[in-house]
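# Structural description and commentary
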Amino acid sequence: MPSAKLSVNINKYALLRNSRGHDTPNLLRAIDTCLAAGAHGITVHPRRDERHIQLADVPVIATYLRDKHPGVELNVECELAPFAFDLIDAVRPAQCTFVPVTPGEVTSDHGFLPTDVAELRRAIEAMRGLGARVSLFVDCLPDHVRAMADTGADRVELYTGPYAWAWGTEEQAVRTQELQLSAEAARAAGLGINAGHDLDRHNLAPLAQIPGLLEVSIGHAQICRALEVGTAQSVSELLRALGW
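Now for a description of the structure that goes with this document. Values in this document were obtained by computation on a predicted structure and should not be read as measured data. (Residues numbered from 1 in each chain as written. Predicted model: local features only at pLDDT ≥ 70, side-chain atom pairs only at ≥ 80, totals over all residues. Heavy atoms only, no water.)

The subject of this paragraph is the sheet that holds strand E7 (residues 192-196). Strand order in this closed barrel of eight strands is E1-E2-E3-E4-E5-E6-E7-E8, and the pairing throughout is parallel. With strand direction ignored, the average angle separating the axes of adjacent strands in the sheet is 25°. Where helix H11 (residues 231-242) meets the sheet, it contacts strand E1 (5-9) and strand E8 (213-218), and its direction lies at approximately 150° from that of E1. (Pairing = 2+ DSSP bridges. Helix = DSSP H or I, 4+ residues; strand = E, 2+ residues; numbered from the N terminus. Axes fitted to C-alpha atoms, helices over the stretch in contact; angles between N-to-C directions. Contact = heavy atoms within 4.5 Å.)

Printed below as a string of structure tokens:
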């Protein structure tokens, strides 16, 4: 059986909802559809500007999953900020993925650095009593991955943007090797391995062969494909690419 699970990031469903100011698409119905198609978990990334998932959405989603889909994991991506810690304390997700945020960025585009270890260690110590598994967003650089082991994190999420952008080009082999070496570094350091960013049904299959890969989170490519074939099929295609 495949080891890597699929967590669908529903941020873009919220972005579309927010553009109209009402409740369509409804996030809970979107979650139902993704899970009925076989997704294993749900991811949200609340930002300060609330441009997609809003802070008030997160407790609603957490409660809905506990009541209607027990056992389905909620992964909350967030920056190192008091509002994020308060949110994690309130909703107690299965996993918290810390992501470095640059104000004004279009999307997450870089991982934590070795120079961030001390700050991350303090944040993770504060998280320990909240019951959430902690994952750290990190570039595919083995030295950076190894440094994250000193934070007390449970997992790293390998930033797959450069790998995805190189798909089908001469850089593909180089970026794939970076991923593989980074995953090896994580395993050697005792860190679990997640991955995410710009993954789709085409570039996901080779990634799924990496030993020890536990979870991928996919949002943008999923909803783009859903515009063509619907949410259920778009999720099913990602699961097939993972080997489910």
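A cis amide bond links Thr 24 to the next residue, Pro 25, at an omega of 0°. On the secondary structure map, Pro 25 appears in the loop between helix H1 (11-20) and helix H2 (27-36). A positive phi angle, close to 125°, is found at His 197, a residue other than glycine. Note that His 197 resides in the loop between E7 and helix H9 (204-207). Look at His 197 and you get buried, because its relative accessible area is 14%. (Buried < 20%, exposed > 50% of the residue type's maximum accessible area, 1.4 Å probe, protein only.)

To continue, consider the side chain of Glu 157. Considering the arrangement of structural elements, one finds Glu 157 in strand E6 (residues 155-159). Although Glu 157 is buried, it makes no salt bridge; Arg 155 carries the closest opposite charge, 8.9 Å away. Setting aside anything within four residues of it in sequence, one finds Glu 157 in contact with Glu 77, Thr 97, Ser 135, Leu 136, Phe 137, Val 138, Asn 194, Ala 195, Gly 196 and Ser 217. (Lys, Arg positive; Asp, Glu negative; His and termini not counted. Salt bridge = Lys/Arg side-chain N within 4 Å of Asp/Glu carboxyl O.)

Along the polypeptide, Leu 28 turns up in helix H2. A relative accessible area of 23% places Leu 28 in the partly exposed class. In the structure, Leu 28 is positioned ten residues away from Gly 38 in sequence and 16 Å away in space, judged by C-alpha atoms.

We now examine the environment of Ser 135. The topology assignment puts Ser 135 in strand E5 (residues 133-138). Residue Ser 135 is classed as buried on the basis of its relative accessible area, which comes to 0%. Separated by 86 residues in the primary sequence, Ser 135 and Ala 221 have C-alpha atoms spaced 22 Å apart. With residues near it in sequence (within four places) discarded, Ser 135 still touches Gln 95, Cys 96, Thr 97, Phe 98, Arg 155, Val 156, Glu 157 and Asn 194. Polar contacts involving the side chain of Ser 135 include one to the main-chain amide nitrogen of Glu 157, which spans 3.4 Å. (Polar contact = N/O pair within 3.5 Å; in protein donor to acceptor, adjacent residues only side chain to side chain.)

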